[in-house]
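Examining the three-dimensional arrangement
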Amino acid sequence: MSGGDGGQAPDGRELCLVTGATGYIGGRLVPVLLDQGYRVRCLVRSPDKLRDQPWAGEVEVVRGDVTDAARVGEAMDGVAVAYYLVHALGSGRSFEETDRTAARVFGAAARAGGVRRIVYLGGLTPAGVPEHALSPHLRSRAEVGRILLDSGVPTAVLRAAVIIGSGSASFEMLRYLTERLPVMVTPSWVRTRIQPIAVRDVLRLLAGAARLPADVNRAFDIGGPDVLTYADMMRRYAAVAGLPRRLILPVPVLTPRLSGLWIGLVTPVPSGIARPLTESLRHEVVCRENDITAYVAEPPGHPLGFDAAVELALRRVRDAQVATRWSSASVPGAPSDPLPTDPDWAGGSLYTDRREETVDASPEALWRVIEGIGGENGWYSFPLAWAVRGWLDRLAGGVGLRRGRRDAARLRVGDSLDFWRVEEIEPGRLLRLRAEMRLPGLAWLEMRAGTDDRGRTRYRQRALFHPRGLLGHAYWWSVSPFHAAVFGGMARNIARAAAAGGPPAGGKRAGAGGRGDHGERGDAGPRTDAGTRTEGSRPS
């Protein structure tokens, strides 16, 4: 990287820095900016999560955290426009301080690096409500906007309410509440007026903000053409989706905390994310101005209305064309440590459960089953055990099993997969998942397709657990009696599924142990697995 070029390459293309590129909005903004002729650099904590993105080869990547002044300064070198698309939603009690620190670091680095424009996506705040009465989430978003506006770099703060798009947390919450509950006893905030906006319009305005005049340093309210209550949104979603009319009964007793827990149980959105979303809906969030249109033209048909945005999002879901999801970003508080390498790891005990199966199918057929695991296809063993573990995780504030998959047939590094995340994938050979459930330690699940020395297709499976303290050791030994049914059954049923031709693309396989199906018993059939090898090792 070289500075002093005003963010322009010899061919005149400006350089944009995008933070949050592994998240929902950032992952969609990058290809939009590339299509508009910008060069793009991404600042991310885990560059491997971008490796399988279709645009990965067209961007520069800098590893770093937005709170690390040195790394942010390096990332700002030669940048013309810097997008700030990160926030610490649901990351614990100190999230406001984390947001504050990161915004100050980002603003200072942008000023020192000669950046000509900062663009920030914040939250729409209610009119006439004092800041101390706002939810912590909205209060922090507003403070971040002020810090960036005061940074000395011309800044555009775009403030949006509910974003409607395939895979957004707000859309998933709306979708599952409406589809699963024909009769709803709901919190009083369902009567609050909201001005939702389609994700397409958010991306259009974010990209357009890069071209604002240098003297523009202000916030803009952005929204779609419809102002609706949340109850209206659920009824109109039902109509667009072809569902019977929903009966909605608001009650005053559900607090934001209880609402978050309730939504966490009914929808894939965990309570840690649902709660700040619902807290933001206590007050009316309607645009007070539409000044952005004076700078960014509205093409025909835009902004999209609510019904059109829902219809487009549902079409993307049906066609398995969801580019990013709310779960694309790492779950706050989830472990991010990579799998320790066996030969040289010196971090303490590492418990291992190994299984192997000879498969009456080609390695390619076996790989299709491996890559299709989870979501509607389930986990190929003891459905009740998986369901109970998912519910326990939800009750503990975790993500549970209902995140599903971004794509029914294909995985890429960084994808969420129920309560796992794809840590490594070698197409045709290896899938490694890292657990994001609530555990007293770190856990991984590896699945491999290959051949043995006789040329037979061989399935190899390894579950690993690094305990944290005495509770972690107790946890492993308390669940190890169930491993023969859970992990042994998984290995056998994956081998059988491969021999039978694999699961149907995008559908639930009979006996897969998916959400709510009954599936095969994990201990059915003759034992052919290699058994459990539980190791409490301390590699030197």
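Residues numbered from 1 in each chain as written. Predicted model: local features only at pLDDT ≥ 70, side-chain atom pairs only at ≥ 80, totals over all residues. Heavy atoms only, no water.

**A few points about the overall build of the protein**
Each helix and strand in the protein was counted, giving 14 helices and 19 strands. Taking all 540 residues of the protein together, 57% fall into the buried category. Of all intrachain contacts in the protein linking residues separated by at least 6 positions in sequence, the fraction that spans at least 24 positions is 75%. Total accessible area computed for the protein in this model is approximately 22100 Å², and 53% of it derives from carbon and sulfur atoms. (Helix = DSSP H or I, 4+ residues; strand = E, 2+ residues; numbered from the N terminus. Buried < 20%, exposed > 50% of the residue type's maximum accessible area, 1.4 Å probe, protein only. Contact = heavy atoms within 4.5 Å. Areas by Shrake-Rupley, 256 points an atom, 1.4 Å probe, with all protein chains shown as cover.)

**So, a nonpolar patch on the surface**
On the surface, Leu 384, Val 388, Leu 392 and Leu 395 cluster together into a nonpolar patch covering about 400 Å² of accessible area. Tracing the backbone through its elements, the reader meets Leu 395 in helix 12 (residues 383–395). (Patch = residues over 30% accessible without salt bridge, like charges linked within 9 Å, V, L, I, M, F, W, Y side chains within 5 Å. Salt bridge = Lys/Arg side-chain N within 4 Å of Asp/Glu carboxyl O.)

**A closer look at the confidence of the model for the protein**
Model confidence for the protein is summarised by a mean pLDDT of 80, while 77% of its residues fall at 70 or above. Here residues 1–5 is modelled with pLDDT under 50, and outside its nearest four sequence neighbours on either side it reaches eleven contacts, counting other chains as well. Every residue in residues 341–347 is under pLDDT 50, and counting partners more than four places away or in other chains gives ten contacts. (pLDDT = per-residue confidence, 0-100.)

**A look at the environment of Leu 212**
With respect to the helices and strands, the residue Leu 212 is situated in the loop between helix 6 (199–209) and strand 11 (218–221). In the structure, Leu 212 is positioned 80 residues away from Ile 292 in sequence and 9.6 Å away in space, judged by C-alpha atoms. When near neighbours in sequence (up to four residues on either side) are disregarded, Leu 212 contacts Arg 116, Arg 117, Ala 156, Phe 220 and Tyr 295.

**A look at the sheet that holds strand 17 (residues 430–435)**
In spatial order, the strands read 14-19-18-17-16-15; together these six strands make up an open sheet with antiparallel pairing. For this open sheet the edge positions go to strand 14 (351–359) and strand 15 (416–417), each flanked by a neighbour on one side alone. Packing of helix 11 (residues 363–371) onto the sheet brings it into contact with strand 14, strand 16 (420–426), strand 17, strand 18 (441–451) and strand 19 (457–467), and relative to strand 18 it is tilted by some 155 degrees. Against the sheet, helix 14 (residues 483–499) contacts strand 14, strand 18 and strand 19, and its axis sits at roughly 25 degrees relative to strand 14. (Pairing = 2+ DSSP bridges. Axes fitted to C-alpha atoms, helices over the stretch in contact; angles between N-to-C directions.)

**Quick notes on the pairing of strand 4 (residues 81–84)**
Burial along strand 4 is two-sided: the residues Val 81 and Tyr 83 and Ala 82 and Tyr 84 are all buried. Two strands pair when backbone bridges link them, and strand 1 (residues 15–19) and strand 4 are joined in this way by three bridges, in the parallel orientation. Bridging across to strand 4, Val 18 finds its partner in Tyr 83. In the sheet, strand 4 pairs with strand 5 (residues 117–123) via four bridges, with the strands oriented parallel. Within strand 5, the position partnered with Tyr 83 by the bridge is Val 119.

**Notes on the nonpolar core**
Counting residues in each nonpolar core, the largest one holds 41 residues, and the members touching the most others are Ile 25, Tyr 83, Leu 121 and Leu 206. Ranked by the residues each element gives to this core, the list is headed by helix 6, at seven residues. With residues near it in sequence (within four places) discarded, Ile 25 still touches Leu 85, Leu 121, Ile 163, Val 199, Val 202, Leu 203 and Leu 206. By size, the runner-up hydrophobic cluster in this structure holds 38 residues, among which are Tyr 380, Phe 419, Met 437 and Ala 463. (Core = buried A, V, L, I, M, F, W, Y, C linked by side-chain atoms within 4.5 Å.)

**Focus: the pattern of salt bridges**
Throughout the structure, instances matching the rule amount to 31 salt bridges. Notably, a salt bridge pairs Arg 236 with Asp 307, separated by 3.1 Å at the nearest N-O pair. Residue Arg 236 is located in helix 7 (residues 230–241), and its partner Asp 307 is located in helix 10 (residues 306–318); the two are separated by 71 residues in the primary sequence. With a relative accessible area of 27%, Arg 236 lands in the partly exposed category. Given the relative accessible area of 32%, Asp 307 is considered partly exposed. The partner of Glu 423 in a salt bridge is Arg 434, with the nearest N and O atoms 3.4 Å apart. On the criterion of sequence distance, the pair formed by Glu 423 in strand 16 and Arg 434 in strand 17 is long-range, its members being eleven residues apart. In this pair, the class of Glu 423 matches that of Arg 434, namely buried. Bridged by salt links that share partners, the residues Arg 421, Glu 423, Arg 432, Arg 434, Glu 436, Glu 446, Arg 448 and Arg 462 form one connected network.

**A few points about helix 6**
For the α-helix, the turn length of 3.6 residues means that residues three or four positions removed from each other point alike. Counting buried positions along helix 6 gives ten out of eleven residues, so the element sits mostly inside the fold. If you check which residues of helix 6 are buried, you get Val 199, Asp 201, Val 202, Leu 203, Arg 204, Leu 205, Leu 206, Ala 207, Gly 208 and Ala 209.

**Examining the packing of aromatic side chains**
This model, assessed by the stated rule, comprises ten aromatic pairs. On the numbers, 5.9 Å between centres and 75 degrees between planes, the contact of Phe 220 with Tyr 295 is edge-to-face. Pair noted here: Phe 220 is in strand 11 and Tyr 295 is in the loop between helix 9 (271–279) and helix 10, with a separation of 75 residues, a long-range link. Note on Phe 220: relative accessible area 0%, which makes it buried. Taken together, the ring pairs in this structure connect Tyr 351, Phe 465, Tyr 475, Trp 476 and Trp 477 into an aromatic cluster. (Phe/Tyr/Trp six-rings, centres within 6.5 Å; stacked < 30°, edge-to-face > 60°.)

**Structural notes on the packing of helix 1 (residues 24–35) against helix 6**
Their axes nearest at 10 Å, the elements helix 1 and helix 6 cross at an angle of 60 degrees. Considering the angle they form, helix 1 stands oblique to helix 6. In this structure, helix 1 meets helix 6 at a crossing whose hand is right-handed. Residues Tyr 24, Ile 25, Arg 28, Leu 29, Val 32 and Leu 33 of helix 1 lie in contact with helix 6, whose contacting residues are Val 199, Val 202, Leu 203, Leu 206 and Ala 207. Its residues assigned to classes, the contact of helix 1 with helix 6 comprises ten nonpolar, no polar and one charged. (Parallel < 35°, antiparallel > 145°, perpendicular 65-115°, else oblique. Left-handed = near helix turned anticlockwise from the far one by under 90°. Nonpolar A, V, L, I, M, F, W, Y, C, P; charged D, E, K, R; others polar.)

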